[in-house]
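An overview of the molecular structure
Listed below are the residues making up each chain.
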Amino acid sequence: MTSRPIGKDVPRVDGWAKATGSALYTDDLSLPGMLHGALLRSPVPHARIAHLDTRRAAALPGVKAVVVGSDLPAVRYGNWRLVPTTQDELALARDKVRFVGDEVAAVAAVDRDTAEEALALIRVEYEPLPAVFDLDAAMAAGAPVLHEATPDNVSVTRKIAFGDLEAGFGASDYVREDTFTVQAVSHAYLEPCATLAQADDLGRITLTTSTQTPYIVQCLLASTLGLRENEVRVVKPAVGGGFGGKMELRPWDVCAAFIARRTGKPVKFTLSREEELATGRRRHPMRLRSRVGFKRDGTLMAKDFQVLLEGGAYNSMGPTATFLVGNFGAMLYRYPAYRYAGAHVYTNHAPAGAMRGFGAPQALFATETQMNMAAEALGIDPIELRLKNAMRPGDEIPDVATVGTCGFSECLERVAEMSGWREKRSQGPGKGGGKGLGIGCYSFITGGVFNWFNTPYPFSAAEVRAYADGTVHLLTMASDIGQGSDTVLQQILAEELGIRMQDIHMTAGDTAMTPKGDLGTWGSRVTLMAGNAVLEAARQVKEELARMVSLRFDLNVVQEVELKDGMVRSKFRPDRGIPFAEAVAMAQKANRGKPVIGRGTYTPRDMGLVTPTFSFGAQVAEVDVDRETGVTRVTKVYTAHDCGTVLNPMAVDGQVHGCIQMGMGYALSEELVMRDGKTVNASFLDYKMPGALDMPECEAVCVETHDPRGPFGAKETGEGPISATAPAIADAVWHASGHRATALPITAEKLLAALDGDDSVAGERRAEASCAVPDPRPRG
Amino acid sequence: MKQTIRLRVNGDAYEVAVPPWRTLNEVLREDLRLTGTKRGCGDGDCGACTVLLDGRSVTSCLMLAVEAVGHEVTTVEGLATARDALHPVQAEFIAAGAIQCGYCTPGMELSAAYLLSRNPAPTDDEIRRGLSGNLCRCTGYQKIFEAVRRAADRLKEAARPDAAAGDPATGGPAGGDPSGGGARP
Ligand code: FES
Ligand code: FES
């Protein structure tokens, strides 16, 4: 294999393990004497727990522990450690349950059947409380209160404002106001959550868990058990997808660790698919109101954006979502004036959390659909309208973020070319015999810079140990959950040290073995942040080896030393050099046996509130709408995207395809259907995500930029494209059928009803539905 | 309540005591510790638990272990003949980038192997249909389709009369049995 792996289709380093079935995921692990855990969940959406009786369960032979809320320390947790008042969860309910599925008790037994049997023996008396299932009910005066500290059920409000809004609208020739609604969808990672806890003689914990954020789990688990941070070790094994759904401490982690400490036995919990779909995290449903003003020539003048987020019963990552929606509402285009207000509202539903694209799919479905509506009304081609207003390098959202590299305009041009846009779109809506094409665009963050977890460590870190046998050991807490970051980080290291991929051995995602810290996999941060940490560590090794070669060959001080093809040598006189292994041996000798180690960290500083740099892209979807059945088939999706410099084209393609698949489900078929607080469709049979038969052909090109903040110029690619797909499909549906959807998903039933002129079934919001965000309450 | 049954898995004979309601998936994963077979739903909806029964793909979560008695079961662990002799489907899944989180991969590979054993030159449509029982949440399927196309080409190549049997370069098992089912001594 080449020693210059950057920019190549390098296959995954864990490909063999996964292809042969030897990769170990949490539920694949089992230990001698291991107990099996199960969780009792609330069957009601809102109730006081009047009485709990676990005696019969505890007496069942084979049951080793039954735990209820009052057994655990009363420590509330949540990812927003920076603002402790947002931390509103307990692993097991103490006095009240707030959604169907809220964890009430945990059992551990010698086998799973016994644990399940024991659950059925626990008696709980619930005193029902009135519940709220939607934004209006939750925000109504006198509504039932979920959390006493939040009497209005509005747990977070955020604002962003810049420019003179009134002047902007005053100077506009064309103003429109629309309301959009988007639904809850599931991450539906294929591997259900699982966790395995072991305790040692002192009660210290090793937790192997299906997580994308080992460090966050370590800290929060320690706090809930009253342990010191480093008395908990979290190990991330192979993880079967996360998409944002595995980035928090979860009740089963706490229960497994607590029971392991109490019994001295290893304890494993594995969730069922039904638990995942019925009670698991989900994408925030939102209602978004957007008012936007243009000049007659299409120049954007102002935007007023109000968003209500339905958070469900707990905050989870809601505070971040509430901010990011407003940020993404201001991206893509140059708004001279912008105002955003968002509110996160509690309801008696399973909590929403972070999910791929976090905040952008919702904000951009609204933004992009409205852009297409405005284009139609102004009589301007939607791509021309976008080109006129497209963000450029150096643009800023004042006091929030600055755009670094930006290939957005090129993406628009390219996607127009690829898709034959100008010709195909020249036909009016509903004129193509059921065929149509539409556009949506995206921008996304490359890692988040806001320290909501309040980590006292670097955001990412890496250690590189070089050995005299020519091998190198890379240690980092960065967490590959399927996206391929282990491969990309090794590519970066191999490139920088001029060695081969197979010379590298890697330890990752282990809080005891890898350098602190790392905030995990979310916000498309790993390639940039962990990648920069790896680069810095590699450069220290490089520096050390360069010194050896410079001494050995008495190189002139101006001569560059390069690490390439397994050699450390003068760039100017390549014959003056020695193999990498030899250089390491020399350095070690020169340092009296001290190993050659590089340590790198990355912490974003002075980069605004959002991210070091943004990705951009434009997408065109082609659809076929069957007027008789209302079924929309997506036939082709074209993507032109700016993800900086491409480090691994095959991996980038895979991310784009995965985004399109998930975005298409969001657009057309996926929805967690709720009735009286219960998730009605909690199986893969009823929760409709795109399968092999549904996927369209995907064609993607990269509009490369070189971002100075990314390793080798790279930016994100794993999340951005998902946000373009739903608006592109919705626009294509309009072009194919004449119906403009402002609510997702565009199911056959809804589309058929809309085409037949029945708006009530179509689920389109009445224009007067309120999106008013209340003023922040003074908090005590 | 338990009964002792004999199972043949990947050519090996096992004797296990299981209650009659235990699924093949549970017995493979928990009793035989063949954890390459995954469980994504337990309801027959995702295909992550796919194994071959006498060379035909079945969802092991819907099958009782006792029903597998008298049949040859092939799991992902039985697809490769050696560390460096992967089944062409496995080799191409890796090379084509068809694996991300990998949780769907074993089931996906077995469905693909089954498809190619019945239809060595599938059309794109036949590949899609052959994999329609297997959900993947990561890849958008494109690279999985590509891997199956490439594996079909490789098998065709290996089946040519002049091709060396079990060519280590192609990673094909000797004789090129695409299903991997029941072929091992
Ligand atoms: S686990 Fe068997 S089909 Fe999903
Ligand atoms: S690779 Fe993750 S589900 Fe297919």
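These numbers come from a predicted model, not from an experiment.

Here the focus is the sheet that holds strand 6 (residues 123-128) of chain A. On the basis of which strands lie adjacent, the open sheet formed by three strands has the order 4-2-6 (chain A) and antiparallel pairing. Because the sheet does not close on itself, it has two edges, and the strands there are strand 4 (96-97) and strand 6 of chain A.

Each partner contributes to the interface: chain B provides 47 residues, whereas chain A provides 55 residues. For the pairing of chain B and chain A, the buried interface totals around 3,900 Å² over both sides, and the portion due to carbon and sulfur atoms is 54%. It is B:Gln100, B:Tyr103 and B:Arg137 that lose the most area in chain B upon contact with chain A, and together they represent 21% of the buried surface on that side. Counting across the chain B and chain A interface gives seven salt bridges.

A word on the confidence of the model for chain B. Residues at a pLDDT of 70 or more form 88% of chain B, whose mean pLDDT is 90. Every residue in residues 165-185 of chain B scores below 50 in pLDDT, and together they form 40 contacts with partners more than four places removed in sequence or on other chains.

This part takes up empty space enclosed by the protein. Over the atoms a probe the size of a water molecule is rolled, and this reveals where empty space is left. Residues and elements named next belong to chain A. Across all of its chains, the model carries eleven cavities of 30 Å³ or more by this definition. Volume-wise, the second largest cavity comes out at about 130 Å³. Listing elements by their share of the lining of the second largest cavity, those giving two or more residues are helix 14 (485-497) and helix 17 (649-668). Among the elements that make up the lining of the second largest cavity, the one with the highest residue count is helix 17 (four residues). Split by residue class, the lining of the second largest cavity holds five nonpolar, nine polar and two charged.

Residue and element names in this part refer to chain A. With four bridges joining them, strand 9 (residues 194-199) and strand 12 (residues 267-270) adopt antiparallel strand pairing. Opposite alanine 197, over in strand 12, you have valine 267 as the bridge partner. Across five bridges, the pairing between strand 9 and strand 10 (residues 205-209) is antiparallel. In the sheet register, leucine 196 faces strand 10, and the bridge partner there is threonine 208. Counting the residues that bridge the hairpin from strand 9 to strand 10 gives five residues, and of these glycine 203 lies at a positive phi of roughly 85°.

Considering all chains together, one arrives at zero disulfides over all chains under this definition. In this structure A:Cys193 is a free cysteine whose sulfur lies 13 Å from that of B:Cys101, the closest cysteine sulfur available.

What follows covers the side chain of A:Thr514. Residues and elements named next belong to chain A. Turning to its location among the elements, threonine 514 is positioned in the loop between strand 21 (504-508) and helix 15 (526-552). Within the structure, the side chain of threonine 514 is placed 2.5 Å from the backbone oxygen of aspartate 510, a separation counted as a polar contact. If we skip the residues at most four places from it in the chain, threonine 514 touches Leu475, Thr476, Met477, Thr507, Ala508 and Gly509.

Here we take up the side chain of A:Thr611. All names here are of chain A. Structurally, threonine 611 is set in the loop between strand 25 (596-602) and strand 26 (614-625). One polar contact links the side chain of threonine 611 to the main-chain carbonyl oxygen of glycine 447, over a distance of 2.6 Å. When residues no more than four places from it in sequence are discounted, the contact partners of threonine 611 are Ile445, Thr446, Gly447 and Val449.

Between the first and last C-alpha of helix 17 of chain A there are 28 Å, a value that for 20 residues agrees with the 28 Å anticipated at 1.5 Å per step. Within helix 17 of chain A, 17 of the 20 residues are buried, which leaves the element mostly enclosed by the surrounding structure.

Moving on, we come to the pairing of strand 4 (residues 56-59) of chain B. Residue and element names in this part refer to chain B. Two strands pair when backbone bridges link them, and strand 3 (residues 50-53) and strand 4 are joined in this way by four bridges, in the antiparallel orientation. Bridged to leucine 53 within strand 4 is arginine 56. Remark: two residues form the turn of the hairpin made by strand 3 and strand 4, two consecutive strands paired antiparallel; aspartate 54 in that turn has positive phi of roughly 50°.

Definitions and limits used
- Residues numbered from 1 in each chain as written.
- Chains lettered and ligands numbered in written order.
- Predicted model: local features only at pLDDT ≥ 70, side-chain atom pairs only at ≥ 80, totals over all residues.
- Heavy atoms only, no water.
- Pairing = 2+ DSSP bridges.
- Helix = DSSP H or I, 4+ residues; strand = E, 2+ residues; numbered from the N terminus.
- Contact = heavy atoms within 4.5 Å.
- Buried area = accessible area lost by both parts, 1.4 Å probe.
- Salt bridge = Lys/Arg side-chain N within 4 Å of Asp/Glu carboxyl O.
- pLDDT = per-residue confidence, 0-100.
- 1 Å grid on protein atoms, 1.4 Å probe; cavity = no way out; pocket = protein on both sides within 12 Å on 5 of 7 lines; lining within 4 Å.
- Points joined across faces, edges and corners; volume = space filled by probe spheres on them.
- Nonpolar A, V, L, I, M, F, W, Y, C, P; charged D, E, K, R; others polar.
- Disulfide = S-S within 2.5 Å.
- Polar contact = N/O pair within 3.5 Å; in protein donor to acceptor, adjacent residues only side chain to side chain.
- Expected span 1.5 Å × (residues − 1).
- Buried < 20%, exposed > 50% of the residue type's maximum accessible area, 1.4 Å probe, protein only.

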